[in-house]
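What the coordinates show
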Amino acid sequence: MGSRQVSTNVPVAEYWQGKRVTVAGLGVSGVPAARVLHGLGARITVVNDGDDDRARAQAAELEAEGITVRLGDGDTLPDGTELIVTAPGWRPDKPLFAAADAAGVPVWGDVELAWRLRGLGGRKPAPWLAVTGTNGKTTTVRMLASILEAAGLRTAAVGNIGVSLLDAVLGDEEYDVLAVELSSYQLHWAPSLRAHSAAVLNLAPDHLDWHGSMEAYAADKGRVYEGNTVACVYNAADKATEDLVREADVEEGCRAIGFTLGTPGPSQVGVVEDLLVDRAFVENRQKQAQELAQVSDVQPPAPHNIANALAAAALARAFGVEPSAVRDGLRAFRPEPHRIEYVEEVAGVSYVDDSKATNTHAAEASLAAYDPIVWIAGGLAKGATFDELVQKSAARLRGAVLIGADRALIREALARHAPQVPVVDLDRTDTGAMAAAVQEAERLAQPGDTVLLAPACASMDMFVNYNKRGEAFADAVRSLAAERDA
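Below is a short write-up of the structure. Computed from a predicted model, the values in this text were never measured in an experiment.

Moving on to the overall build of the chain. For the chain, the helix and strand inventory stands at 18 helices and 22 strands. Computed over C-alpha atoms, the radius of gyration of the chain comes to 24 Å, within 12% of the 23 Å expected from 2.2 N^0.38 for 486 residues, which places it in the range of a compact globule. On the principal axes, the C-alpha backbone points of the chain span a range of 70 × 60 × 40 Å. Of the charged side chains in the chain, 45 are positive and 66 negative; the average position of the first set lies 3 Å away from that of the second.

What follows is the structure, given as structure tokens:
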């Protein structure tokens with residue numbers, strides 16, 4: 001972990017007057033970015049790949065405000081462009097960005113723009129406590145915000161969650177500190193971001209079609225540590241996260257802080273018996289530990305969720321939060337829907353919705369929390385393989401019910417590594433398949449089992465998003481319960 005002094009120059013309002021900015025992409029980040037910069041006096045052209053009814057409606061609103069919009073042409077660099085502000089999902093291999101690189105035009109994402117605009121108008125910029133990782137980001141950021149609120153701080157969960165960063169830095173409300181969720185896409189386009197402290201929760205293959213390789217994906221995640229001032233929080237059980245800390249250039253005095261589900265060493269937070277404890281932010285970390293909370297304060301107390309709580313606690317402690325606020329914040333926190341969410345018990349079988357487990361790493365964590373399991377899985381694999389997941393989870397499986405476009409990949413992994421596990425392959429991708437999956441899972445399950453929806457895949461082959469997939473599962477379970485009670 002190298003040390004350096006960093007400066008963060010924030011463009012003042014005059015910087016934007018007459019500046020020719022191309023905003024790449026309409027939608028949740030592009031439209032507000034275009035409006036904000038137009039309001040600062042920039043000359044905005046919005047380019048968008050799509051030309052559907054929704055895009056035309058958005059374009060009409062922006063054009064009425066004096067903003068130029070080009071639909072159906074997201075690959076051509078407009079003449080005179082001095083800066084591109086891109087939606088985070090636009091892939092770096094698009095021709096637009098190749099043209100920008102050739103012309104020496106910088107590319108910022110929405111996070112970079114928000115970082116540059118914080119403090120505009122003379123306000124004191126709020127420090128950022130940033131969280132990234134393959135899985136657990138949203139839960140950890142919301143836990144962190146709950147802890148900061150319990151400490152009496154003005155805060156919000158922002159970024160790839162809840163309040164947009166532009167709204168947070170430019171809105172009327174002033175914050176003491178922000179809990180910021182950042183995706184690998186956002187970090188790729190945020191070259192000057194410098195957080196107070198940051199955490200990488202874990203690293204596993206995901207979005208490789210976008211990044212091009214695991215190395216590129218990890219490098220983008222590691223950007224979150226660049227220029228940290230107080231703490232780089234890493235997962236002691238995931239060496240790749242510690243390696244990213246070692247490679248980061250940080251400010252003088254910034255510390256590496258590990259979190260572990262085991263007994264913590266010096267400069268770590270971890271678990272001792274039924275307690276979450278701190279050996280990082282105490283006076284004598286070689287010999288002392290500070291109780292932060294009980295394991296039972298974390299709901300649900302699944303191993304990966306305790307790890308999330310420890311990461312949140314480490315970031316809060318890096319910001320100077322007292323131990324009692326960690327406890328109170330974790331007690332007050334409630335997970336969002338479709339994240340290892342208990343639905344109902346039917347005939348002695350528990351049904352759990354973890355539709356948010358959209359990749360193998362998330363599904364592995366979910367499967368590790370229950371035993372025995374009837375597993376409902378499948379969807380869009382996004383280039384993933386399932387051998388390692390099945391190998392690690394095989395002993396817990398009572399059976400498996402497979403749905404979705406890429407279910408054959410999971411079926412083949414089960415055949416190779418868990419041939420004793422009964423498998424139901426539902427050859428359908430309509431939304432009604434979920435009700436059939438629940439019925440098949442009930443047939444395989446025994447009292448004391450858990451039927452777990454942890455798809456390890458994206459949902460878009462069958463559902464609009466993972467929320468709709470989880471709702472379909474919960475509806476099917478409740479219908480099943482009503483049938484049994486009739």
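Having seen it, we continue.
It is a general feature of regular strands that their side chains alternate between the two faces of the sheet. Where burial is concerned, the two faces of strand β22 (residues 450-453) agree: the one with T450 and L452 and the one with V451 and L453 are both buried. Of the pairings in the sheet, the one linking strand β18 (residues 349-353) to β22 comprises four bridges and is parallel in character. Residue pairing across strands places V352 opposite L452, the latter belonging to β22.

Turning our eyes to something else, we now look at the nonpolar core. Residues W128 and Y225 are the most contacted members of the largest nonpolar core, which totals 57 residues. When neighbours within four sequence positions are excluded, W128 is seen to be in contact with V111, A114, W115, L165, V169, L178, V180, L193, A195, H196 and S197. One finds I147, A231, F259 and A293 within the second-largest nonpolar core, a separate group that totals 43 residues.

A word on the packing of helix α6 (residues 137-150) against helix α12 (residues 303-318). Look at α6 against α12: their axes get within 8 Å of each other, and the N-to-C directions meet at 45°. The angle between the axes of α6 and α12 places the two elements in the oblique class. The crossing of α6 and α12 is right-handed. In contact with T139, T140, M143, L144 and I147 of α6, α12 contributes N305, N308, A309, A311, A312, A313, L315 and A316. Classifying every residue of the contact of α6 with α12 gives nine nonpolar, four polar and no charged.

As a further point, take the pairing of strand β14 (residues 268-272). Of all five residues making up β14, four are buried, and the element is well covered by its neighbours. Pairing of strand β13 (residues 255-259) with β14, which is carried by two bridges, proceeds in the parallel orientation. Counterpart to G258 in the pairing with β14 is Q268. Here β14 runs beside strand β15 (residues 275-278); their pairing, made up of four bridges, is antiparallel. Within β15, the position partnered with V271 by the bridge is L276. Connecting β14 to the antiparallel partner β15 that follows it, the hairpin turn spans two residues, and E273 within it adopts a positive phi of roughly 55°.

Attention now goes to helix α11 (residues 239-247). Along α11, the residues classified as buried are T241, L244 and V245. Angular distribution of buried residues about the axis of α11 spans 100°; they occupy a single face of the element. For α11, the exposed residues set more than 90 degrees away from the buried face come down to K239, R246 and E247.

With omega at -10°, the peptide bond leading from Q299 into P300 counts as cis. Tracing the backbone through its elements, the reader meets P300 in the loop between β16 (290-294) and α12. In this structure, P372 follows D371 across a cis peptide bond, with omega equal to -5°. Its place among the elements puts P372 in the loop between α14 (360-367) and β19 (373-377).

Now for the sheet that holds β19. Taken together, six strands build an open sheet; the order of strands is β17-β18-β22-β19-β20-β21 and the sheet is mixed. In this open sheet, the two edge strands, each paired with only one partner strand, are β17 (341-346) and β21 (423-425). When strand polarity is set aside, the average angle formed by the axes of neighbouring strands in this sheet is 15°. Bridging between β19 and strand β20 (residues 397-402) involves five bridges; their strand directions are parallel. The residue of β20 that forms the bridge with I373 is L397. Packing of helix α18 (residues 466-485) onto the sheet brings it into contact with β17, β18, β19 and β22, and relative to β17 it is tilted by some 20°.

What follows is about the sheet that holds strand β6 (residues 107-109). Across the sheet, five strands lie side by side as β4-β3-β2-β5-β6; this open sheet has parallel pairing. In the strand order of this sheet, the two ends are held by β4 (68-71) and β6, each with one partner. Taking the axes of each pair of neighbouring strands and ignoring which way they run, one obtains an average angle of 25° across the sheet. With three bridges joining them, strand β5 (residues 83-86) and β6 adopt parallel strand pairing. Within the sheet, the bridge partner assigned to I84 lies in β6 and is V107. Packed onto the sheet, helix α2 (residues 30-39) meets β2 (20-24), β3 (43-48) and β5 and runs at close to 165° relative to β3. With respect to the sheet, helix α4 (residues 95-103) is in contact with β2, β3, β5 and β6, its orientation differing from that of β5 by roughly 150°.

We now examine the packing of helix α17 (residues 433-444) against α18. For the pair α17 and α18, interaxial distance at closest approach is 9 Å and the crossing angle is 55°. The orientation of α17 relative to α18 falls into the category oblique. Classified by chirality, the crossing of α18 by α17 is right-handed. Here M434, A435, V438 and E442 of α17 lie close against α18, whose contacting residues are R469, A472, F473, A476, V477, L480 and R484. Residues of the contact of α17 with α18, tallied by class, amount to eight nonpolar, no polar and three charged.

Calculation criteria
- Residues numbered from 1 in each chain as written.
- Predicted model: local features only at pLDDT ≥ 70, side-chain atom pairs only at ≥ 80, totals over all residues.
- Heavy atoms only, no water.
- Helix = DSSP H or I, 4+ residues; strand = E, 2+ residues; numbered from the N terminus.
- Rg over C-alpha atoms; globule rule 2.2 N^0.38 Å.
- Lys, Arg positive; Asp, Glu negative; His and termini not counted.
- Charge placed at Lys NZ, Arg CZ, Asp CG, Glu CD.
- Buried < 20%, exposed > 50% of the residue type's maximum accessible area, 1.4 Å probe, protein only.
- Pairing = 2+ DSSP bridges.
- Core = buried A, V, L, I, M, F, W, Y, C linked by side-chain atoms within 4.5 Å.
- Contact = heavy atoms within 4.5 Å.
- Axes fitted to C-alpha atoms, helices over the stretch in contact; angles between N-to-C directions.
- Parallel < 35°, antiparallel > 145°, perpendicular 65-115°, else oblique.
- Left-handed = near helix turned anticlockwise from the far one by under 90°.
- Nonpolar A, V, L, I, M, F, W, Y, C, P; charged D, E, K, R; others polar.
- Arc of directions from axis to C-beta.

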